[in-house]
Structure formats: C-alpha cells, structure tokens
Amino acid sequence: SRFLKKQSRFLMQMARFGEPFRGANRMTQAHAKLVDPIITPNLHDGLLVGLALWPGRDPRITVRDVAGACYDIECHGATYFLATDVREGNIIYGMARLRGLAAEQRAIETFVGDINATEERRKAAQALVERMRASGSSVFSLESSFGCTIVCICTGVTVHKLDKE
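Source: prediction; values computed, not measured.

Caption draft 1: Examining the overall build of the chain more closely. Across its full length, the chain carries four helices and nine strands. Of the regular secondary structure in the chain, the N- to C-terminal order runs α-α-β-β-β-β-β-β-α-α-β-β-β. When each of the 165 residues of the chain is scored for burial, the buried share is 38%. Relative to all contacts within the chain whose residues are 6 or more apart in sequence, the contacts with residues 24 or more apart total 68%. Carbon and sulfur atoms make up 51% of the accessible area of the chain, which totals about 9700 Å².

Okay, here's the thing in structure tokens:
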C-alpha cells in the first residue's frame, strides 16, 4: 500500500542520515528480514491465559499450548506495550520478534499511526525510531487468530515453561 511505501522511504532516509546501522549491506540484508520467529514453544492455536503488568517490573504474558503446557513470556526492558481486543478465549496464531526496519515499521504503525497525517506524527515517529535504535530494541508480537493481539517494544524476550499444578 502507499502508506507502507511512504513509511519504508521514511525509515530508509532515517537509516541513511541517523547512522543506526553499521553499513549499507547490513541494512539491506540483515534488517530486511521481516520476522524472526520464536520457534519454541509452538503456540499456534494455544491460548492467552493472562497478562501481568506491574510498575517497575517487566511485563509477563502467560500462555498455554494445545497440549496444555503453560509458559511465561517476559518482555525485558519494555518501553511500549499494547494489548488489544482482549476477550474470553484468546486464540494464538503465533509469536515473533521483529528487528531492524521491520520492527521500526511495526512500531510506527502500532504506536504512532499514519506519519503523513501531521508533522507532529512524523516527529513522533522519528523520535520513536531513534529511541529504539539507541536502546537496541526490537518488537515482540503475539498475533491472534481470535481475540487479543500484543505488541511490545523491548530489548529482549525470555520464555519460561511453568510447572504443571
């Protein structure tokens, strides 16, 4: 779409002038990867069980796979966290960590919106991208088939298997 093309041009311009990457080849190859899937565990068709958001702590997401095993997903160094459309019986499609330009596009799309709408949004997008690059942040997303989708800008993600009780 035209919106995504304009965002891509904006991010490429920032990449050239902001010196966030260490070379043109790395920017076009390594940062062009759209998705870095988190392979373990396989949560496709699993359930979102709960969210724990406490002041001063990293957000935790509790999920259950189709076999019944439960996991805690911890988003380290989270600066932005958005959970939309929370329902009873949130079915997970998959989860992924995005890096580089793909992460920046997703962050702008989720937390800023259309950068061409106003100059204020364009400046907000630029500031967001600069903060992400300075901190080495990526975007973690838990996509849903039904219900809640989670998007988080963070520095790292860990997955812990919980003991069955």
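Caption draft 2: Up close: the confidence of the model for the chain. Summary statistics for the chain give a mean pLDDT of 80 and a share of 75% for residues scoring 70 or more. Across residues 12-37 the pLDDT falls below 50, and counting only partners more than four positions away or on other chains, this stretch makes 39 contacts in the model.

Caption draft 3: Region of interest: the packing of aromatic side chains. Under the definition given, this model contains one aromatic pair. Judged by centre distance (5.2 Å) and plane angle (45 degrees), the rings of Y80 and F111 are tilted. Note that Y80 is positioned in strand β5 (residues 80-84) and F111 in helix α3 (residues 100-111), a separation of 31 residues in sequence. By relative accessible area, which is 30% here, Y80 ends up partly exposed. Exposure remark for F111: the relative accessible area of 24% places this residue in the partly exposed category.

Caption draft 4: Summary view of the pairing of strand β4 (residues 70-76). Buried residues dominate β4, accounting for five of its seven residues. Inspection of the sheet shows strand β3 (residues 60-64) paired to β4 by five bridges, in the antiparallel sense. Each residue of the ladder has a partner; that of V63, found in β4, is Y71. Bridge count between β4 and strand β9 (residues 156-161): six bridges; the pairing is antiparallel. The partner of Y71 across the bridge, within β9, is K161.

Caption draft 5: Spotlight on the pairing of β3. Across five bridges, strand β2 (residues 47-52) lies against β3 in antiparallel orientation. When the sheet's bridge partners are listed, L51 is paired in β3 with I61. Turn length for the β3-β4 hairpin, with the two strands adjacent in sequence and antiparallel, is five residues, and the turn residue G68 shows positive phi of about 100 degrees.

Caption draft 6: Region of interest: the nonpolar core. In terms of nonpolar packing, the biggest core is built from 17 residues, with L43, L48, I61, V63, I73, F140 and L142 touching the most fellow members. For this core, the secondary structure elements donating two or more residues are β3, β4, β6 (91-98), β7 (138-146) and β8 (149-154). Counting 14 residues, the second-largest nonpolar core is a separate cluster that includes A102, A103, L128 and M132.

Caption draft 7: Expanded view of unusual backbone geometry. Of note, the phi angle at D45 is positive, near 70 degrees, even though the residue is not glycine. Mapping D45 onto the fold places it in the loop between β1 (36-37) and β2. D45 gets classed as partly exposed once you look at its relative accessible area, which sits at 43%. Even without glycine at this site, D85 takes up a positive phi of about 60 degrees. Of note, D85 is situated in the loop between β5 and β6. Given the relative accessible area of 41%, D85 is considered partly exposed.

Rules and cut-offs
Residues numbered from 1 in each chain as written. Predicted model: local features only at pLDDT ≥ 70, side-chain atom pairs only at ≥ 80, totals over all residues. Heavy atoms only, no water. Helix = DSSP H or I, 4+ residues; strand = E, 2+ residues; numbered from the N terminus. Buried < 20%, exposed > 50% of the residue type's maximum accessible area, 1.4 Å probe, protein only. Contact = heavy atoms within 4.5 Å. Areas by Shrake-Rupley, 256 points an atom, 1.4 Å probe, with all protein chains shown as cover. pLDDT = per-residue confidence, 0-100. Phe/Tyr/Trp six-rings, centres within 6.5 Å; stacked < 30°, edge-to-face > 60°. Pairing = 2+ DSSP bridges. Core = buried A, V, L, I, M, F, W, Y, C linked by side-chain atoms within 4.5 Å.

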